[in-house]
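Observations on the three-dimensional arrangement
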Amino acid sequence: MGVDVILDGKALAREVRSRVKEKSLLFAERAGRRPLLRVVLVGEDPASIVYVRNKKSACDEAGIDCLDTILPGNVDTNAVATLVDDLNCDDKVDGILVQMPLPPQIDAARITEMIDPAKDVDGFTPWNVGLLSTGRASLLPCTPRGILTLLKHYSIETRGRNICVVGRSSIVGRPLANLLLASTDATVDVCNSHTRDLKAHVLQADIVVSAAGCPGLIRADMVREGTVVVDVGINRIPDPSRKSGYRLVGDCDFEALKGKAAAITPVPGGIGPMTVASLVENVLIAASIRAGVDIGAL
Ligand code: NDP
């Protein structure tokens, strides 16, 4: 297939951010302002704080302004809704991102549904989900966008190939399947936790994308020689040798698969950075559409 064995999402994400930066400068010249992302964080979930910090620093590198608002963890749905409403109405705001998960007392679906689709840089509103399923979306969900960008960058053929997506969540598996159906000529197979013989499905795949959140789920005996393995999973496993007491692994047995797969994404350093890079692309796309400023193709 002629691809590198390790699909370096970290390096590619850096390239994407620097391409976005050039275009952001062009946008700023033509629109008279920089693109603006507003992030809403409710509570102090440590993982969410890290994700928001990473998103802010990616925006910074890409020439995009990013402001966050942190609400106390005990607020109700109406408090978040009021803030989202204000951001919807604020013409200077190009993108709105409500960091998930929200505390359990908040109606997350209601909050997602009320975000202005033109500012929906996560691509989670029903309007954008509908556009995605008809192949007409501009704001694609970030992880699926990042996966497609990576496959294209490494010239991984999708036409006529079998792609097995493991996981059907509304943030990864399902939108990825829709995006693949809309923008490639692959045959797409979507598995879930009730799939009867996962190994049989994965063995059929030329490309397997695992987004299950189960360490060790995809073993070397489940893939054919030459399969491309995309590991979306981010799982913490105990590691007493680390100061933190844990390390991050994906869903796939990386060491065993490395010698068998044609190409594989590492965790960390694979789809995680591509997801954040896709967010900054989405903010710039939202800004250029909203402002009616032509910045050319990204
Ligand atoms: P969810 O828990 O929402 O969904 C997991 C999906 O995997 C479900 O559809 C579930 O099936 C399926 N699944 C679970 N176990 C199995 C199994 N044994 N065999 C087949 N399918 C299975 O998770 P998310 O989609 O939110 O995230 C998935 C993983 O990806 C997590 O590790 C998360 O941290 C990571 N992630 C990484 C991102 C990145 O940027 N790299 C971005 C987002 C998530 P069912 O529907 O039947 O329950």
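Since we're looking at a predicted model, the values are computed, not measured.

Attention now moves to the site of the ligand. What surrounds the ligand is a group of 23 residues, the closest being R168, S169, S193, I234 and T275. S193 is positioned with one of its side-chain polar atoms (N or O) 2.7 Å from an oxygen atom of the ligand. For the ligand, whose accessible area on its own is 920 Å², the fraction buried by protein is 71%. Ranked by residue count, the leading element in the shell around the ligand is helix α10 (residues 271–291), at 3 residues. A class-by-class count of the residues in the shell around the ligand yields 11 nonpolar, 11 polar and 1 charged.

This structure, assessed with the given rule, holds 15 salt bridges. With a shortest N-O distance of 3.4 Å, D185 and R159 are connected by a salt bridge. Linking D185 in the loop between α7 (173–183) and β5 (187–191) with R159 in the loop between α6 (142–153) and β4 (162–166), this pair joins segments that are 26 residues apart in sequence. In the salt-bridge network here, residues are joined through shared partners; they are R33, D91, D94 and R290.

Okay, the sheet that holds β5 next. Backbone hydrogen bonds hold the strands of a sheet together, and the pairing may be parallel or antiparallel. Pairing is parallel across the open sheet formed by 5 strands, whose spatial order is β5-β4-β6-β7-β10. Since the sheet does not close on itself, it has two edges, and those belong to β5 and β10 (263–264), each with one partner. Summarising the sheet, β4 and strand β6 (residues 207–210) pair through 4 bridges and their orientation is parallel. When the sheet's bridge partners are listed, I163 is paired in β6 with I207.

Definitions and cut-offs
- Position numbers for residues count from 1 along each chain, tracking the sequence in the order it is written.
- In view of the model being predicted, local features appear only for residues whose pLDDT reaches at least 70, and side-chain atom pairs are presented and counted only at 80 or more, with totals across whole chains, interfaces and linings using the full set of residues.
- With hydrogens and water set aside, each side-chain value is computed from the structure's full complement of heavy atoms.
- Nearness is judged by heavy atoms alone; a residue qualifies as near a molecule or strand once a single heavy atom is within 4 Å of it.
- Whenever a nitrogen or oxygen atom comes within 3.5 Å of another N or O atom, the pair is scored as a polar contact, on the condition that within protein one atom can donate a hydrogen and the other can accept it, and that pairs from neighbouring residues in sequence are kept only if both atoms are in side chains.
- Here the accessible surface of atoms and residues is derived via Shrake-Rupley with a 1.4 Å probe, and residues count as covered only by protein chains that are part of the display.
- Runs of E in the DSSP output that reach at least two residues are strands. Runs of H or I that reach at least four are helices, and both are numbered from the N terminus.
- Think of it as three bins: nonpolar holds Ala, Val, Leu, Ile, Met, Phe, Trp, Tyr, Cys and Pro, charged holds Asp, Glu, Lys and Arg, and polar takes everything else, Gly as well.
- For this analysis, a salt bridge means a side-chain nitrogen from Lys or Arg found within 4 Å of a carboxyl oxygen belonging to Asp or Glu.
- When DSSP finds two or more bridges between a pair of strands, those strands are recorded as paired.

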